[in-house]
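Breakdown of the fold
As a plain string of letters, each chain reads:
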Amino acid sequence: MKYKLSGSGSAHSFLIFIFTFILSGIANAQDITARLEDYAARFSEERAYLHYDKSSYVPGETIWFKAYLLTELVAATESKNFYVDWIDDKGNILQHTTAPLVDGLTNGQFDIPAGYKGQYIAVKAYTSWMLNFDSSIIYRKAINVLNSDSLKAPRKITIKPVLEFFPEGGDAIAGINGKIAFKARDQWGRPVKIKGRITASDGKLVDSLSVQHDGMGYISLKPKPGTTYTAKWKDEQNVEHTTSLPDIKSTGAGLQVAISAGRRDFKVMLSEDLSAKLDSVYVVGTMFNHPVFNIAKSAKGDIAGIVPTANLPYGILTITVFDKGWQPLAERITYIDNNAPYIFKPEMEVQRWGLSYRARDEIKITVPENIASSLSVSVTDLSIDADTSENILSTLMLTSDLKGKVHNPAYYFTAPSDMKQQQLDLVMLTNGWRRINWQQVVSGKQPAILYPKDTSYLTLSGTVQGAVPGAIGDNSFATMILTQKKADNKFVLMPLKRDGSFNDPSIILFDTAQIYYQFQDKNLKGLTMSFMPNKLRVPPVGSSFSDMLWPDTTGNWRHLLLAGEFNNNVEKSKYKELETVTVKAKAQSVVEKMDEKYASGLFSGGDAIQFDVINDPFGKVGDIFSYLQGKVAGLQITGQGSGAQLSWRGGAPQLYVDEMPTDADMVSGININDVAYIKAFRPPFMGGFNGANGAIAIYTRRGDDVQRDPSKGIPSSKVYGYTAIREFYSPKYLSTEIPPGADRDVRTTLYWNPNIIVDPRTKHVVLTFNNNDVTDAFRVVIEGMTADGKLAHLEEKME
């Protein structure tokens, strides 16, 4: 067997050389191997994890996050867009956000509504590609939201325990001795302690129920034909329950897997009729859908084997038993705990202790890797609640490949031991599922892909609608104007392809943009444009978003009080009157303010006649040329619309729209209601070419100007790009004293930075933050990923 990782595990390449214990000719098995490899190459799944600045919030606060994505063992670099649905505790989407992925990384934020009354915010995060597979691989998490009700007496909570049984290998077969694992949990997925017994239908005692770890355990059972089995058990409140074990099958295969250091021992047991019917069976091992081993065994003797695991990567090894017709008979998963080569360990050193409120603190983070790493770092008040049950390691290395909830998965990645390996095997026994559709693989059929990978960013792109074949030539263009709030207008001359598509990959769209467009070719006038037609529509929210979080908030009172004070301070600051400021400088005129807002470079100032079109009562009718008629001395305008001709001192002035050169045809199509400001530069104009006869610069309105009339003007579309990404605000104090009359600084997140890049040459970064007015100790959480997919988690306390 060879499962080789290039660079001794550092590059994490998935270079697989199939290892075979082939005891007889199995050309068909080799076909299955090839089909599996093809399946794995075509349908490699992506996994996501989100690191948050803290684990609970109050209404009105912002949830800050960074997303990490892997495919197999490396960063998921193909998908470019990441989607997050923020869902209330009733299953309604509050907001759908989109963020650009760069090398499997992105970040963003969500503002919890100030009036939110729910107990938690559910997070559903995914790429378009992830929607093609089982919904269990989509990232889900419930984030605790504290509100004033949390300070009241806790409501009565009714726990509803559930007991489930899972035969090892998939089925309990009559006459075959095997494990039947069990898991006792409540409606929130938390483990429940139980005790009880198993009895047969004839009333005889079979075994006792004894929990071994987190509500899980197993019994050994050799079922009898025609017999049923029942569990009678009591929960923690001493309430009696009865649960039936799975039905006993008369024919089939049992599969046992034993865990030892550096190996997995397996044993296959066939029912008598199946053993007589079959001459051989196949045993196949897969990891991340890739074939790892392929064994042919005679069905007439002992069917057992040893799988060496030293050269395997981390992750779930799936062992499947097939009959000679490649129909699956039994399946078992086991976790390969080869995590160390895929984990890097940052080190944190406190370089400056402020030793007082509002003081400056410094920490140095060292990363002992020879490749660049990206980190996210949060610093919070140590006295508030923290969820340490899961992290980047437990999610991307374990739970993202399992179906069902795993309680406290981070436990298995803290101080690993043989005992924890056995406990983790209980998780495997109670959370296994068949992720490969073997019928499709055997038949060579490929699964239907409804959601292709987003391999392009949200750029200024789209298609022309309604064009007849041949109407769009090789030199067809459209002029576009992008208007956005708090951003300069952008003029674009967009080339059109013969099929009507267009794309400018240099223009990545954030937030909301109003895009005005006009075709240069007269034969295309009247057609429309569809922007980003392939952008993913918000998929159905799905189920399982209720009862996600244990409703007890005991121990969160300090967090709630500090956050409540912080939000009160924010509200007060909205209504504070600004202190009187004496202005000694000469006040700017309206057109001077407009020139400062709109004009730039050689277009600002200058010898020009200026027009405030927004506030001009005569600027609401006619077109731009009609508006300028008679307003500029020496400027002559003849004709109307696209046929207008301009002359100034014997020649035509150069026309500009938002400081981009254009012509009379384009200007004639701009509604005067879309114009904010016009400057007529007297000849000569030195700000551009052909300025000997002056220039006329037309500035269209921006997103924060007066509302346009959508029924008039050149055609336009409202386009939604990426959700705007804000920067976390962390104040820098020059004094540790609180100014008289100032509010206390009671931030519970003191520092958040999702984009820390550690250069492999220096191997360290120094981070600085200021304390608030109430915190005496800090919790620092560092998570990250290297360019080749190694993961890191570190939590330190500064006390």
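Predicted model only: the values in this text are computed from it and were never measured.

Moving on to the overall build of the protein chain. What the protein chain contains, in helices and strands, is 9 helices and 49 strands. For the protein chain, the C-alpha atoms occupy an extent of roughly 110 × 75 × 50 Å along the three principal directions. Residues counted as buried form 52% of the 799 residues belonging to the protein chain. If you sum the accessible surface of the protein chain, you get close to 37200 Å²; carbon and sulfur atoms cover 51% of it. Between the mean site of the 86 positive side-chain charges and the mean site of the 87 negative ones, the protein chain shows a separation of 2 Å.

Bringing the sheet that holds strand 31 (residues 373-381) into the picture now. Pairing within the open sheet is antiparallel, and its 4 strands lie in the order 46-31-48-49. At either end of the open sheet lies a strand with only one pairing partner, and these are strand 46 (749-758) and strand 49 (791-798). Between one strand and the next, the sheet's axes are offset by a mean angle of 10°, whatever the strand orientation. Relative to strand 48 (residues 778-786), strand 31 runs antiparallel, the two being bridged by 9 bridges.

Here strand 24 (residues 280-287) lies mainly inside the structure; 8 of its 8 residues are buried. Of the two faces of strand 24, the one lined by S280, Y282, V284 and T286 and the one lined by V281, V283, G285 and M287 are each fully buried. Alignment of strand 24 against strand 25 (residues 290-298), held across 8 bridges, turns out to be antiparallel. Looking at strand 25, one finds that V283 is bridged to I295. Hairpin connection from strand 24 to strand 25: 2 residues lie between these consecutive antiparallel strands, with F288 at a positive phi of about 55°. Relative to strand 27 (residues 315-322), strand 24 runs antiparallel, the two being bridged by 6 bridges. For V284, the partnering residue across the bridge sits in strand 27 and is T320.

As a further point, take the sheet that holds strand 18 (residues 216-221). If you walk across this open sheet you meet the 3 strands as 13-15-18, and the pairing is antiparallel. Either end of the sheet is taken by a strand with one partner, and the two such strands are strand 13 (162-167) and strand 18. Adjacent strand axes in the sheet meet at a mean angle of 25° when their direction is disregarded. Examined bridge by bridge, strand 13 and strand 15 (residues 178-185) share 6 bridges and lie antiparallel to one another. Across the sheet, the residue bridging to F166 is A181, located in strand 15.

Next up on the list: unusual backbone geometry. Residue P683 is joined to P684 through a cis peptide bond whose omega torsion reads -10°. Mapped onto the fold, P684 is located in the loop between strand 43 (675-681) and strand 44 (695-700). At M532, a position not held by glycine, the phi torsion is positive, near 45°. Along the polypeptide, M532 turns up in the loop between strand 37 (528-531) and helix 6 (557-575). Judged by its relative accessible area of 9%, M532 falls in the buried class.

This part is about the packing of aromatic side chains. A full pass over the atoms with the stated rule returns 31 aromatic pairs. Chaining the aromatic ring pairs together yields one cluster made of Y282, F322, W326 and W438. The lysine or arginine in question, R358, covers the ring of Y733, its NZ or CZ lying 4.2 Å from the ring centre. Positioned above the aromatic ring of Y411 is the side chain of K420, whose terminal nitrogen or guanidinium carbon lies 4.3 Å from the ring centre.

Restricting attention to buried positions, one finds in helix 7 (residues 590-598) the residues M594, D595 and Y598. Down the axis of helix 7, the smallest arc covering the buried residues is 100°, so these residues share one side.

Attention now moves to the pattern of salt bridges. Tallied over the entire structure, the rule returns 24 salt bridges. Residue D773 pairs with R358 through a salt bridge whose shortest N-O separation is 2.8 Å. On the criterion of sequence distance, the pair formed by D773 in the loop between strand 47 (764-770) and strand 48 and R358 in the loop between strand 29 (347-352) and strand 30 (360-366) is long-range, its members being 415 residues apart. Each member of the pair D773 and R358 is classed as buried. Between D474 and R498 there is a salt bridge, with the nearest N and O atoms lying 2.7 Å from each other. A residue pair is termed long-range when its members are at least 10 positions apart, and D474 in the loop between strand 32 (459-465) and strand 33 (477-483) and R498 in the loop between strand 34 (490-495) and strand 35 (501-508) qualify at 24 residues. You can call D474 exposed: its relative accessible area is 59%. The exposed category is assigned to R498, whose relative accessible area is 54%. Among the charged side chains, a network of salt bridges with common partners joins K141, D387 and E390.

For the rest of this paragraph, the subject is the confidence of the model for the protein chain. When pLDDT is averaged across the protein chain, the result is 87; 90% of the residues are at 70 or more. The low-confidence segment residues 577-583 (pLDDT under 50) makes 0 contacts with residues lying over four places distant or belonging to another chain.

Before going further, it helps to spend a moment on a nonpolar patch on the surface. Residues V350, W353 and L355 make up a contiguous nonpolar surface patch of roughly 300 Å² in combined accessible area. Turning to its location among the elements, L355 is positioned in the loop between strand 29 and strand 30.

So, on to the environment of Y699. If you trace the backbone, Y699 turns up in strand 44. For Y699, a relative accessible area of 2% translates into the label buried. For the pair Y699 and V613, spaced 86 residues apart in sequence, the C-alpha to C-alpha distance is 9.6 Å. Sequence-distant contacts of Y699, that is, excluding residues within four places in its chain, are made with Y598, A599, F603, D658, E659, V675, A676, Y677 and K679. Polar contacts involving the side chain of Y699 include one to the side chain of E659, which spans 2.8 Å.

Core analysis: the biggest nonpolar cluster contains 97 residues, and L50, Y52, F82, Y335 and M428 have the highest contact counts within it. Setting aside anything within four residues of it in sequence, one finds Y335 in contact with R264, Y314, G315, I316, M397, L398, F413, Q421, L424 and M428. Residues I481, Y627, M666 and I670 belong to the second largest nonpolar core, which totals 29 residues.

By the element assignment, D202 lies in the loop between strand 16 (195-200) and strand 17 (205-210). Once the C-alpha coordinates of D202 and T228 are considered, the two residues, 26 residues apart in sequence, prove to be 8.6 Å apart. Of the polar contacts made by the side chain of D202, one reaches the backbone nitrogen of K204; its length is 3.0 Å.

The next point concerns helix 4 (residues 418-431). Its 14 residues place the ends of helix 4 20 Å apart at the C-alpha level, agreeing with the 20 Å of an ideal helix rising 1.5 Å per residue. The buried count for helix 4 comes to 11 of 14 residues, which makes it a mostly enclosed element.

All right, on to the pairing of strand 44 then. Summarising burial for strand 44: 6 of the 6 residues are buried, a large majority. Here strand 44 shows a buried face lined by A695, A697 and Y699 and a second buried face lined by I696, I698 and T700. Where strand 41 (residues 654-657) and strand 44 come together, 4 bridges link them in parallel fashion. Opposite L655, over in strand 44, you have I696 as the bridge partner. For strand 43 and strand 44, the ladder comprises 6 bridges, and the chain directions are antiparallel. Paired with K679 across the bridge in strand 44 is A697.

Rules of the game
- Residues numbered from 1 in each chain as written.
- Predicted model: local features only at pLDDT ≥ 70, side-chain atom pairs only at ≥ 80, totals over all residues.
- Heavy atoms only, no water.
- Helix = DSSP H or I, 4+ residues; strand = E, 2+ residues; numbered from the N terminus.
- Buried < 20%, exposed > 50% of the residue type's maximum accessible area, 1.4 Å probe, protein only.
- Areas by Shrake-Rupley, 256 points an atom, 1.4 Å probe, with all protein chains shown as cover.
- Lys, Arg positive; Asp, Glu negative; His and termini not counted.
- Charge placed at Lys NZ, Arg CZ, Asp CG, Glu CD.
- Pairing = 2+ DSSP bridges.
- Axes fitted to C-alpha atoms, helices over the stretch in contact; angles between N-to-C directions.
- Phe/Tyr/Trp six-rings, centres within 6.5 Å; stacked < 30°, edge-to-face > 60°.
- Lys NZ or Arg CZ within 6 Å of the ring centre and 35° of its normal.
- Arc of directions from axis to C-beta.
- Salt bridge = Lys/Arg side-chain N within 4 Å of Asp/Glu carboxyl O.
- pLDDT = per-residue confidence, 0-100.
- Contact = heavy atoms within 4.5 Å.
- Patch = residues over 30% accessible without salt bridge, like charges linked within 9 Å, V, L, I, M, F, W, Y side chains within 5 Å.
- Polar contact = N/O pair within 3.5 Å; in protein donor to acceptor, adjacent residues only side chain to side chain.
- Core = buried A, V, L, I, M, F, W, Y, C linked by side-chain atoms within 4.5 Å.
- Expected span 1.5 Å × (residues − 1).

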